[in-house]
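Structural features, examined
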Amino acid sequence: MDRLIKKKIKIVLIGFFIALIPIGYWIYSSLLFEKANKAFNEGNFSENNTEIENCIKEIDNALRIMPWSKNLNSWKSSLNLKIGNYRQALDYALKVDAYLYAGMIYEYMEKPDSARIFYEKAINLQIKQMKRLDDEEAKTLAERQIALIYNFIGDSDKVDEYLKEIPAETNYQMRKMILQYDYYIENYQSGGYKDFLYGKRICMKNDSLTDKNIIDSLIDAQRFYYDNYSSRQIKDKPEKAIYEFKEIFKDKAFAIGFKEIDCDDKELKMKFN
């Protein structure tokens, strides 16, 4: 084999191995991302801080390879928030201008004045984004989100300004989503985004009614909604639908025949559908 052929083969082999580098990186990074995703899901459902910290370490392993990943950074921030690492969670929120999220973190830090500042920033940002929307349904939903944040800072006049009539052509699912904002705002008492997402819930059941369609109609008529629903078999009791409501809807639920049950009762613990 002459020297020229050897040189050509060497060039081809070098090129081949160079081409393998990005392929290997893609495979390796994909595996790390999947492991991080699994860790996030496990941490999200865990109540053990040590387990959650281990999940964060798994996400950190992926971040060393993909530090720009929005998903990875968001997952890490979420888990940090869950175990009370508020400063770490806040650093991410401020980095990506997630003002609503930052406001909620300040609520966890018991700094309502700082939370208000970031809720106001969130309003300004969402108004700008809403004005760029052409779709009327999406615009109506965005207006409800703005009204919700005005609710958090106690500006009732602005809340009313953004609670415009829902367009007649709005599809059922979108209308239902918009009305949930309306019902929460109508019944709002205190708190902010933290309360809206993670505020106290109560478990209730209705012994006098068993038809879910009738119950749903009554709930809609009373202008409130449930967060979760399940109908698992309860030991030594007939199968009953269990509803999870925000605490602010408790009186309305009572008015249509619901009664409160213990969400933490071992017999009632369940995964809501």
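These numbers come from a predicted model, not from an experiment.

We now examine a negative patch on the surface. Residues D134, D135, E136 and E169 make up a contiguous surface patch of negative charge. Position of E169 relative to the elements: it lies in the loop between α8 (156-162) and α9 (172-187).

Taking strand neighbours across the sheet as the criterion, the 4 strands line up as β2-β3-β1-β4 in an open arrangement whose pairing is antiparallel. Because the sheet does not close on itself, it has two edges, and the strands there are β2 (228-230) and β4 (259-261). Adjacent strand axes in the sheet meet at a mean angle of 35° when their direction is disregarded. In this structure, strand β1 (residues 201-205) lies alongside β4, joined through 3 bridges in antiparallel fashion. Among the inter-strand pairings, K205 is bridged to a residue of β4, identified as K259. Against the sheet, helix α11 (residues 212-221) contacts β2 and β3 (242-246), and its axis sits at roughly 10° relative to β3.

Looking now at the packing of aromatic side chains. Applying the stated criterion to the full structure yields 22 aromatic pairs. On the numbers, 6.0 Å between centres and 10° between planes, the contact of Y243 with F245 is stacked. On the basis of relative accessibility, which here comes to 1%, the residue Y243 falls in the buried class. Centroid distance F245 to F258: 5.1 Å. Interplanar angle 80°. Geometry classified as edge-to-face. Highlighted residues: F245 in strand β3 and F258 in the loop between α12 (250-255) and β4, separated in sequence by 13 residues. Residue classification places F245 among the buried positions, given a relative accessible area of 0%. Residue class for F258 comes out buried when judged on its relative accessible area of 3%. Aromatic rings pair up to connect F224, Y225, Y226, Y229, Y243, F245, F249 and F258 into one cluster. Here K121 stacks its cationic end above the ring of F118, 5.8 Å away from the centre of that ring. The aromatic ring of Y108 is capped on one face by K194, whose charged end is 4.5 Å from the ring centroid.

So, about the environment of I52. When you line up the elements, I52 lands in helix α2 (residues 49-65). A relative accessible area of 1% means that I52 is categorised as buried. Distance in space between the C-alpha atoms of I52 and I83 is 7.5 Å, their sequence separation being 31 residues.

Across soluble globular proteins, nonpolar side chains have a tendency to be buried as a group. Residues Y119, F152, I219, Y243, F245 and F258 are the most contacted members of the largest nonpolar core, which totals 57 residues. Here this core gets 8 residues from one element, more than from any other, and that element is helix α7 (residues 136-152). One finds L32, A39, F40 and I56 within the second-largest nonpolar core, a separate group that totals 15 residues.

Turning to the confidence of the model for the protein, a few remarks are in order. Put simply, the protein has an average pLDDT of 84, and 82% of its residues get 70 or more. The low-confidence segment residues 269-273 (pLDDT under 50) makes 16 contacts with residues lying over four places distant or belonging to another chain.

About the criteria used
- Residues numbered from 1 in each chain as written.
- Predicted model: local features only at pLDDT ≥ 70, side-chain atom pairs only at ≥ 80, totals over all residues.
- Heavy atoms only, no water.
- Patch = residues over 30% accessible without salt bridge, like charges linked within 9 Å, V, L, I, M, F, W, Y side chains within 5 Å.
- Areas by Shrake-Rupley, 256 points an atom, 1.4 Å probe, with all protein chains shown as cover.
- Salt bridge = Lys/Arg side-chain N within 4 Å of Asp/Glu carboxyl O.
- Lys, Arg positive; Asp, Glu negative; His and termini not counted.
- Charge placed at Lys NZ, Arg CZ, Asp CG, Glu CD.
- Helix = DSSP H or I, 4+ residues; strand = E, 2+ residues; numbered from the N terminus.
- Pairing = 2+ DSSP bridges.
- Axes fitted to C-alpha atoms, helices over the stretch in contact; angles between N-to-C directions.
- Contact = heavy atoms within 4.5 Å.
- Phe/Tyr/Trp six-rings, centres within 6.5 Å; stacked < 30°, edge-to-face > 60°.
- Buried < 20%, exposed > 50% of the residue type's maximum accessible area, 1.4 Å probe, protein only.
- Lys NZ or Arg CZ within 6 Å of the ring centre and 35° of its normal.
- Core = buried A, V, L, I, M, F, W, Y, C linked by side-chain atoms within 4.5 Å.
- pLDDT = per-residue confidence, 0-100.

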